[in-house]
Amino acid sequence: MAVHSAASRRFRLAVALATVLAVGSSAPAYGSAASAAARPADRQLTVGGPGILLDLTGPATLRFQATAGQRLTVLAQRRSLTAVDNTDLTIVRDGRTVAEGTLIVTWASVSVDFTAPAAGSYTVRINPRTAKDRGTLLVSLAGAATGTVTLRGPARTVTIGRPGERAFLTFQATAGQHLTVVARRGTLSKDEYTYLDVRGPSGELNMSGAVGYESDYRTLDFDVTETGRHTIEVNPDTDRTGTVTVQLTGSVTATLTPGKPARITFGQPGERAYVTFHAAEAEQFQLTARPETLTTKSNTLLRVRTPAGLDVVDATMTAAKPTAVLAFSSSAGTYTIEIDPEGLDSGTLLLNLRRLNR
C-alpha cells in the first residue's frame with residue numbers, strides 16, 4: 001500500500017507547479033559517465049500499459065511518448081528496493097526538466113503528476129541517492145479520466161481505474177455565480193485523502209480541499225470570477241483505485257422585507273442562500289433564523305453583510321441550538337444575508353427580520 005501523508009500532498013503540489021515553471025530550466029546532473037554507459041537499453045512505458053519492474057543497481061532510465069497537453073502521472077512503487085536514502089525521479093524532454101519527484105525513505109510509492117508541454121519523446125530518470133540502495137522498483141505511466149458535470153445536475157461517478165490515475169471534470173460557469181462542489185467517497189480508500197482542485201478558464205485555483213479519512217464527503221464553496229470552462233481535478237493521494245461522486249450545486253437568492261417572514265428552500269445538498277434587504281440610515285434590526293424542514297446534522301453559518309461587503313454580525317446554527325437571533329444597526333443601502341449549511345443538509349429555513357426603532 002502507498003505510504004503518503006499531508007506532507008506528500010504539499011510535495012505533489014510543488015511537482016504540479018514544476019510542470020509549468022521548470023520547462024525552461026536545465027535538467028539536473030544524472031549519474032556519471034560510467035554509470036550511464038553501464039545501464040541497459042532504455043525501455044518504453046506506455047500510457048495505461050503494464051508497469052516496468054526495474055532491478056536497480058544504480059541510475060536507470062525509461063522512455064515514453066506523449067502528446068501536447070496530455071495529463072500524465074509517473075508512478076514509482078517500491079518493491080524490494082531498500083530505503084537507505086531517497087530516490088529521485090526526473091521527467092525530461094529535450095534535455096530539460098518537465099517535472100520531478102522523490103521517493104522518500106518512509107514511502108512505499110510516489111506519483112509525479114504533470115502535463116506534457118509538447119508532443120514527442122520523454123525520459124524518466126531514476127536516481128537512487130546512494131549506491132547502497134538496491135532492489136526492484138515498479139514504474140508505470142497513467143493517464144487521466146475525463147468527463148463533465150452540469151450545474152444542479154445529477155452526481156457524476158468518477159472511477160480511478162489505475163494506480164496513479166487522476167480525473168478531470170469540466171463545467172461552464174459565469175462570473176458572479178456562487179457555486180459548490182460536493183464530493184462523496186465511493187469505494188476509494190479511507191486510508192488517505194482524495195484531493196480536489198477547482199480551476200478557472202485561465203488555470204487559476206478557485207478552491208481546493210479533500211475528502212479525508214475523517215469524513216466521507218467534502219463541500220467546496222467558491223465564487224466564479226471568470227466566465228468560461230472550469231475544471232475539477234480529482235487526485236487520490238494513494239496508489240489505490242475506486243470511485244468518488246462529484247456534484248455541482250448553485251445558490252438560492254431571495255429578497256426579504258422587514259416584518260414579513262420568508263421561507264428559504266435548499267433543494268440540493270451544498271447549496272448556499274443569498275437574501276437581500278434594503279435598510280435606511282441608523283435603523284435597528286433583529287433577524288431571527290430557524291429551521292423548518294432543514295435537516296440539522298451539520299452546522300449552518302449565518303452572516304449579515306453591509307452594502308460594502310463587510311460582515312456586521314454572524315452566528316452558527318447547530319443541532320443543539322438551531323435558532324439564531326441577531327441584532328444590528330444599519331447604514332443606508334442593500335444588505336445581504338448569506339446562509340451556508342456546512343454539510344449535506346437540505347430543506348427549508350424561516351427568516352424573520354424586524355425593525356426595532358419604528
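In this numbering scheme, every chain counts its residues from 1 along its sequence in written order. The predicted nature of this model means local features are confined to residues of pLDDT at least 70 and side-chain atom pairs, given and counted, to a pLDDT of 80 or more, with totals for whole chains, interfaces and linings taken over all residues. By convention in this description, side-chain values take in all heavy atoms of the structure and omit both hydrogens and water.

Trainee: What is the right way to read the overall build of the protein chain from this model?
Mentor: The helix count covers DSSP runs of H or I at least four residues long, the strand count covers runs of E at least two residues long, and both are numbered beginning at the N terminus. When its secondary structure is counted, the protein chain shows two helices and 27 strands. Within the protein chain, buried positions represent 49% of all 358 residues. Sequence-distant contacts, at least 24 apart, represent 74% of the contacts inside the protein chain between residues at least 6 apart. If you sum the accessible surface of the protein chain, you get close to 15700 Å²; carbon and sulfur atoms cover 52% of it. Only protein chains enter the accessibility calculation, which uses a 1.4 Å probe; a residue is then buried when its area is under 20% of its type maximum, exposed when over 50%, and partly exposed in between. In what follows, a contact means two residues having at least one pair of non-hydrogen atoms within 4.5 Å. The method behind every accessible area is Shrake-Rupley, applied with a 1.4 Å probe, and residues are considered shielded solely by the protein chains displayed.

Trainee: Which parts of the structure should I look at to understand the sheet that holds strand 18 (residues 242-249)?
Mentor: Two modes of strand pairing occur in sheets, parallel and antiparallel, and in both the strands are linked by backbone hydrogen bonds. Strand order in the open sheet made by the four strands is 11-18-13-16, with antiparallel pairing throughout. Taken across any chain shown, the strands that pair with only one partner, and hence form the sheet edges, are strand 11 (156-160) and strand 16 (217-223). Taking each pair of neighbouring strands and ignoring which way they run, the sheet shows an average axis angle of 25°. By the bridge criterion, six bridges tie strand 13 (residues 178-185) to strand 18 in an arrangement that is antiparallel. Looking at strand 18, one finds that Val-182 is bridged to Gln-247. Here, a strand pair is defined by DSSP locating no fewer than two bridges between the strands. Helix axes are fitted to C-alpha atoms over the stretch in contact, other axes to C-alpha atoms as well, and angles between N-to-C directions run from 0 to 180 degrees.

Trainee: Looking at this structure, how should I read the packing of aromatic side chains?
Mentor: In this description, a pair of aromatic rings is defined by centroid distance and the angle of the planes. Stacked, edge-to-face and tilted are the three classes for Phe, Tyr and Trp ring pairs, Trp counted by its six-membered ring, which pair at centre distances within 6.5 Å; planes under 30 degrees apart are stacked, over 60 edge-to-face, the rest tilted. According to the stated counting rule, one finds ten aromatic pairs in the structure shown. Ring plane angle 55° and centroid distance 6.4 Å describe the contact between Phe-171 and Phe-222, whose orientation is recorded as tilted. Of this pair, Phe-171 sits in strand 12 (residues 166-173) while Phe-222 is found in strand 16, placing the two residues 51 residues apart along the sequence. Phe-171 sits in the buried class, given a relative accessible area of 3%. For Phe-222, a relative accessible area of 3% puts it in the buried group. Aromatic ring contacts, followed pair by pair, group Phe-277, Phe-285, Phe-328 and Tyr-335 into a single cluster. Two conditions define a charge sitting above a ring: the NZ of Lys or the CZ of Arg must be within 6 Å of the ring centre, and it must be within 35 degrees of the ring normal. Lying across the ring of Phe-168, Arg-71 places its NZ or CZ 3.8 Å from the centre.

Trainee: Whenever I open this one, the confidence of the model for the protein chain confuses me. Can you help?
Mentor: Low pLDDT means the predicted coordinates in that region are not meant to be read closely. Counting all residues, the mean pLDDT for the protein chain is 89, and 88% of those residues have values of 70 or more. The quantity known as pLDDT measures the predictor's confidence residue by residue, on a range of 0 to 100. Counted against residues more than four places away or in other chains, residues 1-40, with its pLDDT under 50, gives 81 contacts.

Trainee: Looking at this structure, I do not really get the pattern of salt bridges. What am I missing?
Mentor: Pairs can form between side chains of opposite charge whenever their charged atoms are close. Put simply, a salt bridge is a Lys or Arg side-chain nitrogen that is within 4 Å of an Asp or Glu carboxyl oxygen. Counted according to the given criterion, the structure contains 16 salt bridges. A salt bridge links Asp-311 to Arg-305, with the shortest nitrogen-to-oxygen separation between them at 2.8 Å. Here Asp-311 falls in the partly exposed class, since its relative accessible area comes to 43%. According to the relative accessible area criterion, Arg-305 is partly exposed, its value standing at 22%. Through salt bridges with shared partners, a single network forms among Asp-221, Asp-223, Arg-272, Arg-303, Arg-305, Asp-311 and Glu-338.

Trainee: Sorry if this is basic, but what is going on with the environment of Tyr-335 here?
Mentor: Position of Tyr-335 among the secondary structure elements: in strand 26 (residues 333-341). Each C-alpha atom, one on Tyr-335 and one on Val-304, is 7.1 Å from the other, the two residues being 31 residues apart in sequence. Non-local contacts of Tyr-335, meaning those with residues more than four positions away in its chain, are made with Val-275, Thr-276, Phe-277, Ala-279, Val-304, Arg-305, Thr-306, Pro-307, Val-312, Ser-329 and Ser-330. Under the rule applied, a polar contact is a pair of N or O atoms within 3.5 Å (in protein, one hydrogen donor and one hydrogen acceptor; residues adjacent in sequence only if both atoms are side-chain atoms). Here the side chain of Tyr-335 touches Ser-331 through a polar contact of 2.8 Å, landing on its backbone nitrogen.

Trainee: How should the sheet that holds strand 7 (residues 109-115) be read in this particular structure?
Mentor: Strand order in the open sheet made by the four strands is 2-9-4-7, with antiparallel pairing throughout. Unpaired on one side and paired on the other, strand 2 (52-56) and strand 7 mark the two borders of the sheet. Strand after strand, the sheet turns through a mean of 20° between neighbouring axes, direction not considered. Pairing of strand 2 with strand 9 (residues 135-142), which is carried by five bridges, proceeds in the antiparallel orientation. When the bridges of strand 9 are listed, Leu-54 appears paired with Leu-137.

Trainee: What is the right way to read the nonpolar core from this model?
Mentor: One broad trend across soluble globular proteins is that nonpolar side chains are buried collectively. In these notes, a set of buried Ala, Val, Leu, Ile, Met, Phe, Trp, Tyr and Cys residues joined through side-chain atoms within 4.5 Å is what counts as a nonpolar core. Core analysis: the largest hydrophobic core is formed by 28 residues, its most contacted members being Phe-64 and Ile-91. For this core, the elements supplying multiple residues, two or more each, are strand 2, strand 3 (60-66), strand 4 (71-78), strand 5 (87-93), strand 6 (96-103), strand 7, strand 8 (120-128) and strand 9. In terms of residue count, the dominant contributor to this core is strand 3 (four residues). Formed by 27 residues, the second largest nonpolar core is a distinct cluster that contains Phe-285, Leu-294, Leu-326 and Ile-337.

Trainee: Looking at this model, I keep getting lost on unusual backbone geometry. Mind explaining?
Mentor: Negative phi values dominate among residues other than glycine, just as trans dominates among peptide bonds. At Arg-152, a residue that is not glycine, the phi angle is positive and equals roughly 60°. Relative to the helices and strands, Arg-152 is located in the loop between strand 10 (144-148) and strand 11. Residue Arg-152 is classed as partly exposed on the basis of its relative accessible area, which comes to 41%. Backbone geometry at Ala-282 places phi at a positive 65°, although glycine is not the residue there. Mapping Ala-282 onto the fold places it in the loop between strand 21 (272-279) and strand 22 (284-291). Taking the relative accessible area as the measure of exposure, Ala-282 reaches 48% and is therefore partly exposed.

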